[in-house]
Amino acid sequence: VSAAPSAFSDEKGGSASEPEYGHDPASGGIFSSDYKRHDDLKEMLDSNKDSLKLEAMKRIVAMIARGKNASDLFPAVVKNVACKNIEVKKLVYVYLVRYAEEQQDLALLSISTFQRGLKDPNQLIRASALRVLSSIRVTIIVPIMMLAIKEAASDMSPYVRKTAAHAIPKLHSLDPEQKDQLIEVIEKLLADKTTLVAGSVVMAFEEVCPDRIDLIHKNYRKLCNLLIDVEEWGQVVIINMLTRYARTQFLNPNINESLLEENSEKAFYASDDEEEEDKKAEPATLAKRKPYVMDPDHRLLLRNTKPLLQSRNAAVVMAVAQLYFHLAPKAEVGIIAKALVRLMRSHSEVQYVVLQNVATMSIKRRGMFEPYLKSFYIRSTDPTQIKVLKLEVLTNLANETNISTILREFQTYIKSMDKDFVAASIQAIGRCATNIGEVRDTCLNGLVQLLSNRDELVVAESVVVIKKLLQMQPEQHSDIIKHMAKLIDNIQVPMARASILWLIGEYCEHVPKIAPDVLRKMAKSFTNEEDIVKLQIINLAAKLYLTNSKQSKLLTQYVLNLAKYDQNYDIRDRARFIRQLIVPTDKSGALSKYAKKLFLALKPAPVLESPFKDRDHFQLGSLSHLLNAKAAGYQELPNWPESAPDPSVRNVEVKDSVCAERTVLTGPEEVPTRVKCSSRKDRKEKKVEKPFYSDSEGESGPTESADSGNCESDSGSGSASASGSDESGSGSESEESGEETESDEEEEDEEEEKKKRKKLDKTKAKKQAEESAERCTIHTIHQISCIINFDQFDMNKITSVFSQTLAPSGSIKMYELLHRIKGEGLAVEYCFSRQPFSPEPNMVAVQIQFTNNTNSETKNLHIEDPRLQSGMRIREFAEIDVLAAGESVTVVMGIDFCDSTQAANFQLCTHTRKFFVSIQPPVGELMTPAFLTENDFKKEQGKLMGMNEILEKLTLGEKCVNEHVIVERVTATANLSRVPCGSDKECRFAGKTVSSGCLVLVTVTTKEGGGAQLTVNCEKMLIGTMLVKDILQALSQ
């Protein structure tokens, strides 16, 4: 038998040295011995060649994918975790993630390697190392896992941060005592602005601390705005979480619905007196009903989820549908119907889940699915469970207008070969007859016709349904009862026989001649009947004994004697009980007097209800709703609050409230592609302030206005930066004039003034630029005096204002963005101005200078099609309408590089051409100065030791003769501020990364003989490494 695999290999043309995937030794025969299994793979993994190791790992991963067990290869694979080949290392980590939990002891031996992997330059390796570490389910390494998760949460790569979020629930399940520390990490990751992380961290939040709603407040608007760009899995998680959040934070939008219905539905036959009373009561009712005003954040959620109804992913569509059903006003819920009907063209599994939810929705919101009635018609190819659910929906949607169409459809379904489906169709007809009184007789006659059907199951189900319908009006239908009594000989289905006997017994007064004869027949076959039928025979005998004892006395005694010795104890007990109740004896108790009332009491007609009636208390789309039972981990959908909680908890503090275009900030009022001022009042205030600044700068040319814009944005004044420059003031407001009709006329005037200003000559522009710089400095000093006048001695603020004003302009390096030849006469240069970008402090300010070297005007200069890496953002400058021949203009744009040196690519467009350009920042321009005291510097440096500290020795260049030159070189390389130092031989510098605000500390210690030591402390290792390289180069020259 063991020779079989090799024979098979030879037949297929395989060789021993190069086995193919289909029949490699790893997937060998069932009966092959294990002692030589995977020997060739082990040899390949032990070889010195990376190509062999890679081939072995590919085969092992392929085995795992096919479901084969490769756990005995663990020792051979884990040795290669330190392999320098990245491709091999990636596959090793894939294997370890799969088997680390099973082989924990061996995995623990390599834990130091995994820790080294957490510091790897490759983000995939860092993420894989963390994934393996969190897969080792041993409590002894919980502190190591905790440290790794905290570090990964601050990683530059969004992918690693996402992996950190995935590791949080694993650590929580391993050691729940770490919950408090994990919540801190979750809080940090919730503030992450990248779409890659959002879904994963919300999932971690749901697993670890779903009740901590306070963590969501500040991130609510951000999550709503990011939602459209998050991956599909994350969208589902976020939408479900936001549904629960909204139910606790906003008022019920349908709160006045019941009062409206009460007022609108007047009694048809109400008397005049009652009408007068109603008129008097109306004002009181209206006084109770306060006008409902939807919270802007509530509207933001509904608006941002609406486009996701067009998602290709069924789960996302279902999540949005349940959100609208639970949160939207009644008038707006209808939009989800079309999307759900679209999903019904999908696989049967998806159809099943969607129909379960539609069946629940159609009970409360029947109107929204009525236009799509035909979409719920049943096809012959549908599986039975789908057919039954479609029947349920059709029955829920039935009303007086469409019932004839639905009944014709049901009539066709009864001819189906699927017996379960036929039975469900007959039950559906019964429910339609119960709910709509006008068609009750029609349905009853149709069901009676079915009693002559050849199929016994159809007849049996019809009998059961007819029995329920007859209970509503038994007096009018004694003929049907007689007809059914005749069927007792032919029908063999126990439930149907029991239903007929119950009907005859219940309404025996309407068929006095037939009932005793039926009992006679049934007494003959009593011993052969099913238990359910025997119980109904006993009931029939008892009722006849009480109403017609002359004819049925002996028969009743005979039946009771048979039942007395039956094998089933229920039947024996019932017989004893009934004998004592109906046959009076000396020993019989007081109950026998009331036997007639007990047996022949009027019974309420059964209400045929949908099985989905009470399911809406479960959140739609959840497993609990599908099973109609609370599943493990299910979060209850909270009730609406009676009074609205404070909406200000969702406000995020923003230093400068600037109207800027094409970037999303906080506040629910903004359209996703544009941000308006937060309120009408703010806009009016801006309009009042604008003449003050425009007068002071009215004479300025384009270059001067651009420079003044920079200066004023530097000064930190929100109002000045909002209206002081062409870019951030008139440009943005002219873009918004279409939306804000109040300022239309002013905008037109501004446009005319702007065009006149553009026509100033180049020399005048330069002269005014110099004047503007002086004016900017005066404005800054005036601002400082204001600060002092108001007794607000904030030294940091004053220092930052001075440092911005007195920044050395000579040290700023210009870079070429577009050469004049390539740009057909348009030359574009840019520089990193090192000034804060006031519209958004997390962005790097990039100053761009356009020079028109042609003889004609260049029009409509703007940016299009930004192609950015994940997490990066761009805030464009306002469009330059006209750039006259020979003129130059300077604008400022903001780019969030996400603390990376990856290039921002975009198209620079004129009215005739488009040019592809890219801006790549040096690492030193990703920072902003941080002002620390000597003690603060030492304290922060102490926190950033170990892996976060980089030490390098260097020999200073010939020109680095004194402290002044060293400071100049370092500050030219990186945007850092000098920190006071007691020692003459040390120069200290501090800064923060612009995007994430991580501290960067640099120390240069000079030694005798021209030597020096450079120390960089930074939480982000990659930034630290690149900064060391640049500073070394600057100081060595």
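Reading guide: rules and limits
- Residues numbered from 1 in each chain as written.
- Predicted model: local features only at pLDDT ≥ 70, side-chain atom pairs only at ≥ 80, totals over all residues.
- Heavy atoms only, no water.
- UniProt positions renumbered as here; feature names shortened; annotations may be inferred.
- Phe/Tyr/Trp six-rings, centres within 6.5 Å; stacked < 30°, edge-to-face > 60°.
- Buried < 20%, exposed > 50% of the residue type's maximum accessible area, 1.4 Å probe, protein only.
- Helix = DSSP H or I, 4+ residues; strand = E, 2+ residues; numbered from the N terminus.
- Arc of directions from axis to C-beta.
- Contact = heavy atoms within 4.5 Å.
- Polar contact = N/O pair within 3.5 Å; in protein donor to acceptor, adjacent residues only side chain to side chain.
- Axes fitted to C-alpha atoms, helices over the stretch in contact; angles between N-to-C directions.
- Parallel < 35°, antiparallel > 145°, perpendicular 65-115°, else oblique.
- Left-handed = near helix turned anticlockwise from the far one by under 90°.
- Salt bridge = Lys/Arg side-chain N within 4 Å of Asp/Glu carboxyl O.
- Pairing = 2+ DSSP bridges.
- Disulfide = S-S within 2.5 Å.
- pLDDT = per-residue confidence, 0-100.
- Lys, Arg positive; Asp, Glu negative; His and termini not counted.

- Named according to an unreviewed UniProt entry, the chain is AP-3 complex subunit beta originating from Cyprinus carpio carpio.
- We quote the UniProt Sequence similarities (unreviewed entry) comment for the chain here in full: "Belongs to the adaptor complexes large subunit family."

Quick notes on the packing of aromatic side chains
And step 1. This model, assessed by the stated rule, comprises 12 aromatic pairs.
And step 2. Seen in terms of ring centroids, Phe369 and Phe376 are 6.1 Å apart; in terms of plane orientation they differ by 80°. Their pairing is edge-to-face.
And step 3. The exposure class assigned to Phe369 is buried, which follows from its relative accessible area of 0%.
And step 4. Ring geometry for Tyr830 versus Phe832: centroids 5.8 Å apart, planes at 85°, classification edge-to-face.

Here we look at helix α27 (residues 478-486)
And step 1. Among all positions of α27, only Ser478, Ile480, Ile481, Met484 and Ala485 are buried. The arc that holds the buried residues of α27, viewed along the axis, is 155°, so those residues lie on one side. Along α27, the residues that are exposed and aim more than 90 degrees away from the buried face are Asp479 and Lys486.
And step 2. In this fold, the buried residues of α27 make contact with α25 (440-450), α26 (456-470), α28 (494-506) and α29 (514-524).

Some details on the side chain of Thr973
And step 1. Relative to the helices and strands, Thr973 is located in helix α43 (residues 963-973).
And step 2. Under the relative-accessibility criterion, Thr973 is labelled buried at 17%.
And step 3. Among the polar contacts listed, one links the side chain of Thr973 to the backbone oxygen of Arg969, at a separation of 2.8 Å.
And step 4. For Thr973, the contacting residues outside a window of four places in its chain are Arg834, Gly924, Asp1030, Ile1031 and Ala1034.

Some remarks on the packing of helix α2 (residues 39-46) against helix α3 (residues 50-65)
And step 1. With their axes 7 Å apart at the nearest point, α2 and α3 run at an angle of 140° to one another. Our classification of the angle between α2 and α3 gives oblique. α3 is crossed by α2, and the crossing has left-handed handedness. Where α2 abuts α3, its residues Asp40, Leu41, Met44 and Leu45 lie against Leu52, Lys53, Glu55, Ala56, Met57, Arg59, Ile60 and Met63.

Topic: the pattern of salt bridges
And step 1. Taken as a whole and assessed by the stated rule, the structure comprises 39 salt bridges.
And step 2. The residue Glu231 makes a salt bridge to Lys162 at a minimum N-O spacing of 3.1 Å. With Glu231 in the loop between α14 (220-226) and α15 (232-249) and Lys162 in helix α10 (residues 158-174), the pair connects residues that are 69 residues apart, well separated along the chain.
And step 3. Among the residues examined, Glu231 registers a relative accessible area of 26% and is labelled partly exposed.
And step 4. Judged by relative accessible area, Lys162 falls into the buried class, the value being 12%.
And step 5. A salt bridge links Glu864 to Lys914, with the nearest nitrogen and oxygen atoms 3.1 Å apart. Separated by 50 residues along the polypeptide, Glu864 in strand β4 (residues 858-867) and Lys914 in strand β9 (residues 914-919) bring together distant segments of the chain.
And step 6. A residue is classified by how much of its surface remains accessible, and Glu864, at 28% relative accessible area, is partly exposed.
And step 7. Salt bridges sharing partners connect three or more residues here, namely Arg221, Asp295, Asp297 and Arg650.

With respect to the environment of Val846
And step 1. Counting through the fold element by element, Val846 comes out in strand β3 (residues 844-852).
And step 2. We classify Val846 as buried; its relative accessible area is 0%.
And step 3. A C-alpha to C-alpha distance of 4.8 Å links Val846 and Phe832, two positions 14 residues apart in sequence.
And step 4. In this view, Val846 contacts Tyr830, Cys831, Phe832, Val891, Val892, Met893, Ile895 and Ile919; residues no more than four positions away in its chain are not counted.

Side note on the sheet that holds strand β2 (residues 826-832)
And step 1. The strand order across the open sheet formed by five strands is β1-β2-β3-β7-β5, and the pairing between neighbours is antiparallel. Strand pairing shows two members of the sheet lacking a second neighbour, β1 (815-818) and β5 (873-875), which therefore form its edges. The mean angle between the axes of side-by-side strands here comes to 30°, regardless of whether they run parallel or antiparallel.
And step 2. With three bridges connecting them, β1 and β2 associate as antiparallel partners. Following the sheet pairing, Tyr815 is matched in β2 by Tyr830.

What to know about the state of the cysteines
What we call a disulfide is simply a covalent bond connecting the sulfur atoms of a pair of cysteines.
And step 1. If you walk through the whole model with that rule in mind, you get zero disulfides.
And step 2. The structure places no disulfide on Cys432, whose sulfur is separated from the nearest cysteine sulfur, that of Cys443, by 6.5 Å.
And step 3. Note on Cys1018: no disulfide assigned, nearest cysteine sulfur contributed by Cys998 at a separation of 6.3 Å.

Some points on the confidence of the model for the chain
And step 1. On average, residues of the chain score 77 in pLDDT, and 77% of them reach the 70 mark or higher.
And step 2. At the low end of the mean pLDDT range in the chain sits helix α37 (residues 718-723), at 38; at the high end sits helix α19 (residues 314-327), at 94.
And step 3. Low pLDDT, under 50, characterises residues 1-35; the stretch is placed with 28 contacts to residues that sit more than four places away or in other chains.
And step 4. The low-confidence segment residues 283-287, where pLDDT is below 50, has two contacts with residues more than four positions distant or belonging to other chains.

Quick word on the side chain of Lys222
And step 1. Locating Lys222 in the fold gives a position in helix α14.
And step 2. No salt bridge is formed by the buried Lys222; its nearest oppositely charged neighbour, Asp192, is found at 6.5 Å.
And step 3. Excluding residues within four positions of it along the chain, Lys222 makes contact with Leu190, Ala191, Asp192 and Lys193.

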